[in-house]
Amino acid sequence: MICAIFFCHLFVAWIGSLASFLCFFASPVAGRLSDKLNCCYVTMIGAVSSAVGLLLSSFANRIIVYYFTYSLLVGFGVSCIRTSSFLVVAQYFCKRKPFATGILSAGAGLGVFVLAPVTRAFLDSFMFSLDNTFRFMAGIVFVGGIPALLYDPSVKEDALDPQDPSSAQLKEEELQPREQTKIVDCSLWTVPAFTVFTLGFMMDSLGASITRIHLVSIYSVFFVIWHTCPGSKGEL
């Protein structure tokens, strides 16, 4: 992307950083949409938003356009897909919910593991450029959102276990008249476990993201030194 739009590393890095930021920061909005609508609609909204953002990014020729098409649209779309995927697992599974959530996380990791070298191969190919790679990714994201049409909104009631006390309590809360929903509910921060987990996850994501983003560039520098500087092969 740096070679395609001829801009400095700092401003180009903001494109991916803002997309990653929205992927997690927009999760409360995606969760509220899943509550108002259902996980099927939110997943399709995320798939369409990501596909449209990637498709528009293939025609972008200015860095400010990437901020709107990739950072905003793709970041928000991925947040909708990610949040609704975890919510729908909680609706479908009751007894084996931890195992199903683990499979979901493993599938996401497998997708990143496979698509990373495939995308690199497309970028290095003579037939594919950055624009065609964006269009290829847009097609993958849109096709990946089609299975969300199979989500059953009524499966939440079927997944409740009558012998489970938590399920019975959840059923009673649904039957009671609901108060007006707050847009921002700050009462969650009064729960110590939630506060500690949220802050710990934030610090863990901060450290992991920095390492993952800068590892390739650091390796590239060492690779150049290893091939250009005499006597450096033994030291590295």
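Structure shown above.
Residues numbered from 1 in each chain as written. Predicted model: local features only at pLDDT ≥ 70, side-chain atom pairs only at ≥ 80, totals over all residues. Heavy atoms only, no water.

**Observations concerning the overall build of the protein chain**
In terms of helices and strands, the protein chain carries 11 helices and zero strands. Reading the secondary structure of the protein chain in the N-to-C direction produces α-α-α-α-α-α-α-α-α-α-α. Within the span of the protein chain, comprising 236 residues, buried residues form 24% of the whole. Taking contacts inside the protein chain between residues at least 6 apart in sequence as the whole, the part at least 24 apart equals 67%. When the accessible surface of the protein chain is split by element, carbon and sulfur atoms take 72% of a total near 16,400 Å². (Helix = DSSP H or I, 4+ residues; strand = E, 2+ residues; numbered from the N terminus. Buried < 20%, exposed > 50% of the residue type's maximum accessible area, 1.4 Å probe, protein only. Contact = heavy atoms within 4.5 Å. Areas by Shrake-Rupley, 256 points an atom, 1.4 Å probe, with all protein chains shown as cover.)

**A few points about helix H4 (residues 39–57)**
With 19 residues, H4 should cover 27 Å at 1.5 Å per step; its first-to-last C-alpha distance of 27 Å lies within 8% of that length. For H4, the capping residue at the N-terminal end is Asn38, with a side-chain oxygen 2.9 Å from the backbone nitrogen of Cys40. (Expected span 1.5 Å × (residues − 1). Polar contact = N/O pair within 3.5 Å; in protein donor to acceptor, adjacent residues only side chain to side chain.)

**Side note on the nonpolar core**
In this structure, Val12, Ile15, Ala51, Leu54, Ala60, Ile63, Tyr66, Tyr67, Val74, Leu130, Phe134 and Ala138 together form the largest nonpolar core, which totals 12 residues. Of all elements in the fold, only helix H2 (9–25), H4, helix H5 (63–92) and helix H7 (130–145) reach the threshold of two or more residues within this core. Broken down by element, the residue count for this core peaks at four residues, all from H5. (Core = buried A, V, L, I, M, F, W, Y, C linked by side-chain atoms within 4.5 Å.)

**Quick word on the environment of Val65**
Positionally, Val65 belongs in helix H5. Classification of Val65 by relative accessible area gives partly exposed; the value is 29%. Along the backbone, Val65 and Ile15 are 50 residues apart, and their C-alpha atoms lie at a distance of 9.9 Å.

**Description of the side chain of Ser58**
Along the chain, Ser58 falls in the loop between H4 and H5. Engagement of the side chain of Ser58 in a polar contact is seen with the backbone oxygen of Leu55, the distance being 2.4 Å. Excluding anything up to four places from it in sequence, Ser58 contacts Asp131, Phe134 and Arg135.

**A look at helix H6 (residues 97–124)**
In a regular helix each residue adds 1.5 Å, so 28 residues correspond to 40 Å; H6 covers 41 Å between its end C-alpha atoms and thus fits that length. Listed in full, the buried residues belonging to H6 are Ala100, Thr119 and Phe122. Residues of H6 that are buried sit in contact with H5 and H7.

**A closer look at a nonpolar patch on the surface**
A surface patch of nonpolar side chains, about 770 Å² in accessible area, is lined by Leu188, Trp189, Val191, Phe194, Leu199, Met202, Met203 and Leu206. Looking at the element boundaries, Leu206 is found in helix H10 (residues 192–228). (Patch = residues over 30% accessible without salt bridge, like charges linked within 9 Å, V, L, I, M, F, W, Y side chains within 5 Å. Salt bridge = Lys/Arg side-chain N within 4 Å of Asp/Glu carboxyl O.)

**Describing the packing of aromatic side chains**
Applying the stated rule across the entire model yields four aromatic pairs. Between the aromatic rings of Phe21 and Phe25, the centroid separation amounts to 4.7 Å while the plane-to-plane angle is 20°, which identifies the pairing as stacked. Of this pair, Phe21 and Phe25 both sit in helix H2, four residues apart, roughly one helical turn. Of the residues examined, Phe21 reaches a relative accessible area of 45% and is grouped as partly exposed. On the numbers, 4.5 Å between centres and 85° between planes, the contact of Phe122 with Phe136 is edge-to-face. (Phe/Tyr/Trp six-rings, centres within 6.5 Å; stacked < 30°, edge-to-face > 60°.)

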